[in-house]
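For reference, the chains in residue letters:
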Amino acid sequence: MKKAILLVALAAGVFAADAQVTDAGANLADNWSLTIKGGGVFANKTAAGESFLKTGRGIVGAEIRKQITPVFGLGAEGEWTVNTSAWTGVQSDNAFDHQYVGAFGAINLMNLFARYTGAPRVFEIEAVAGCGWLHSYYPHTSGINDGNSFGTKVGLNFNFNLGEEKAWTFSIRPALLWNMNGDLSEDMFSNLGYDSHYNVNNMYFQLQAGITYHFKNDNGTHHFALVQPYDQAQIDDLNAQINALRADLEACGVNNAALLAQLADLQAQLDACRRQAPVVEKVVKDLDNIRYVFFNCGSSYIQANQQPNIAMTANALKNNEKATCDVKGYASKDGSLAFNKKLAQRRAEAVKKALVNKYGIASDRVSAEGQGVGSLFDTNDWNRVAVMTINE
């Protein structure tokens, strides 16, 4: 009775300590998990001359849990031992000869002492305590009724939380289970007058491994999510900002009429512009004053078949000593932009050099300027060109 009171007091203390953390995901349907576990269990029969290890047998089980807070959880479990040897002198005919069904409480020691960080840690330790019903199956031919008893259990869970969402947990679970009524071969109700037996002769040691899946919560996570708490100063500051925005909104309403009038005036000006007849500037190019020099891809070398165009431009300049010539070089869109800019400049300078060196045109009468990638012609190859324009 004293131990039960201590457990209740400890649970109350856990709730009080964890109440300082504000959590999201604490609805009734949130933070449920299912565990499948298995391992070995050993009965302490050394007083009867049996080896501790030789009493070992397999054990399998499952548990379902509701995590109340990041620190405290409640659950129910069932465990069954594999029938490989007799613990009570009579061996069952079933595949499983003993079972334990009980309820438990679990305390996350990491979150209790180091606070919950908003997500499960990679490694955590839990303390577990519970109680329940112990049952032994005996063959009907033995004349012995199945055994029933009250059991208590304590243990530790060494949890490894896996994955980015921490939806899965792998755990190592050592635990101690006590048969409180001492003899499973008797009916449970005939033993209610027995004292509890916390001694090694009524103890079973369990070592299991478990895999746990944490179901998704309403908040979209598989665990508790922290909510940022706000103090009164922050709330007052936010209220002040809201009031300032409301004042700005009222000021905008005052200026709304002026803005609408300005918009109407601008719309009237736009409509007037649309009604005006378009002004067409007719530009006539004298084709006699323009000559083209075409180049091969990636080259600024002037081919022989392009020399006549340069010669005609040179003759026009010689016939009009006041005329000047603008040479503009272009490149096609093939290649990088940086390379084409330089190539266009080299083509313009190559034509100027020909006019000056080969035909004797004064250098100050000819300008050369690269224009980069050109789009004078629809055919891409034709844009590898230098255009000579005579200005009279």
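Residues numbered from 1 in each chain as written. Predicted model: local features only at pLDDT ≥ 70, side-chain atom pairs only at ≥ 80, totals over all residues. Heavy atoms only, no water.

A. A look at the nonpolar core. Val293, Ile302, Ile310, Val327, Val351, Leu355 and Met388 are the most contacted members of the largest nonpolar core, which has 20 residues in total. Elements that contribute at least two residues to this core include exactly α4 (307–319), β12 (324–331), α5 (337–358) and β14 (385–391). The biggest single contributor to this core is α5, with five residues. Counting residues in hydrophobic clusters, the runner-up holds seven residues, among them Ala43, Ile59, Leu134 and Leu177. (Core = buried A, V, L, I, M, F, W, Y, C linked by side-chain atoms within 4.5 Å. Buried < 20%, exposed > 50% of the residue type's maximum accessible area, 1.4 Å probe, protein only. Helix = DSSP H or I, 4+ residues; strand = E, 2+ residues; numbered from the N terminus.)

B. Expanded view of the side chain of Asn161. Inspection of the secondary structure assignment puts Asn161 in strand β7 (residues 147–162). What makes Asn161 buried here is its relative accessible area of 8%. At 2.7 Å, the side chain of Asn161 and the side chain of Thr169 are in polar contact. With sequence-adjacent residues up to four places away left out, Asn161 is seen in contact with Pro120, Arg121, Val122, Glu124, Lys166, Trp168 and Thr169. (Polar contact = N/O pair within 3.5 Å; in protein donor to acceptor, adjacent residues only side chain to side chain. Contact = heavy atoms within 4.5 Å.)

C. Structural detail: the pattern of salt bridges. Enumeration over the complete set of coordinates arrives at 11 salt bridges. For Glu77, the salt bridge identified is with Lys37, shortest N-O distance 2.5 Å. Here Glu77, found in strand β4 (residues 72–82), pairs with Lys37, found in strand β2 (residues 32–43); they are 40 residues apart in sequence, far enough to count as distant. For the pair formed by Glu77 and Lys37, the shared burial category is buried. Notably, a salt bridge pairs Glu79 with Lys37, separated by 3.0 Å at the nearest N-O pair. Taken together, the positions of Glu79 in strand β4 and Lys37 in strand β2 put the pair 42 residues apart, joining distant regions of the chain. Taken as a pair, Glu79 and Lys37 share a single burial class, namely buried. (Salt bridge = Lys/Arg side-chain N within 4 Å of Asp/Glu carboxyl O.)

D. Highlighting the packing of aromatic side chains. Throughout the structure, instances matching the rule amount to eight aromatic pairs. Consider the rings of Phe294 and Phe377, whose centres lie 6.1 Å apart with planes at 50°: the pair is tilted. Taken together, the positions of Phe294 in strand β11 (residues 290–294) and Phe377 in the loop between β13 (366–373) and β14 put the pair 83 residues apart, joining distant regions of the chain. Residues Phe377 and Trp382 carry aromatic rings whose centres are separated by 5.6 Å and whose planes lie at 75° to one another, so their mutual orientation is edge-to-face. Its relative accessible area of 21% is what places Phe377 among the partly exposed residues. (Phe/Tyr/Trp six-rings, centres within 6.5 Å; stacked < 30°, edge-to-face > 60°.)

E. The environment of Arg57, seen in detail. With respect to the helices and strands, Arg57 occurs in strand β3 (residues 57–67). Take Arg57: its relative accessible area is 4%, and that puts it in the buried class.

F. View of the confidence of the model for the protein. Here the protein shows a mean pLDDT of 82. Residues at 70 or above account for 80%. Here residues 14–22 is modelled with pLDDT under 50, and outside its nearest four sequence neighbours on either side it reaches 18 contacts, counting other chains as well. Below pLDDT 50 for its whole length, residues 280–285 participates in one contact with residues either more than four positions away or in separate chains. (pLDDT = per-residue confidence, 0-100.)

G. Quick peek at the pairing of β14. Judged by how many residues are buried, β14 sits mostly within the fold: five of seven residues are covered. Both β12 and β14 contribute to a ladder of six bridges, which runs antiparallel. Its bridge partner being in β14, Thr324 is matched across the sheet by Asn391. (Pairing = 2+ DSSP bridges.)

H. Layout of the packing of α4 against α5. Contact geometry of α4 with α5 gives a least axis separation of 10 Å together with a crossing angle of 60°. Overall, the two elements α4 and α5 adopt an arrangement that is oblique. α4 and α5 meet at a crossing whose hand is right-handed. Together, Gln307, Ile310, Thr313 and Ala314 of α4 and Ala354, Leu355 and Lys358 of α5 make up the contact between the two elements. Of the residues contributing to the contact of α4 with α5, the split by class is four nonpolar, two polar and one charged. (Axes fitted to C-alpha atoms, helices over the stretch in contact; angles between N-to-C directions. Parallel < 35°, antiparallel > 145°, perpendicular 65-115°, else oblique. Left-handed = near helix turned anticlockwise from the far one by under 90°. Nonpolar A, V, L, I, M, F, W, Y, C, P; charged D, E, K, R; others polar.)

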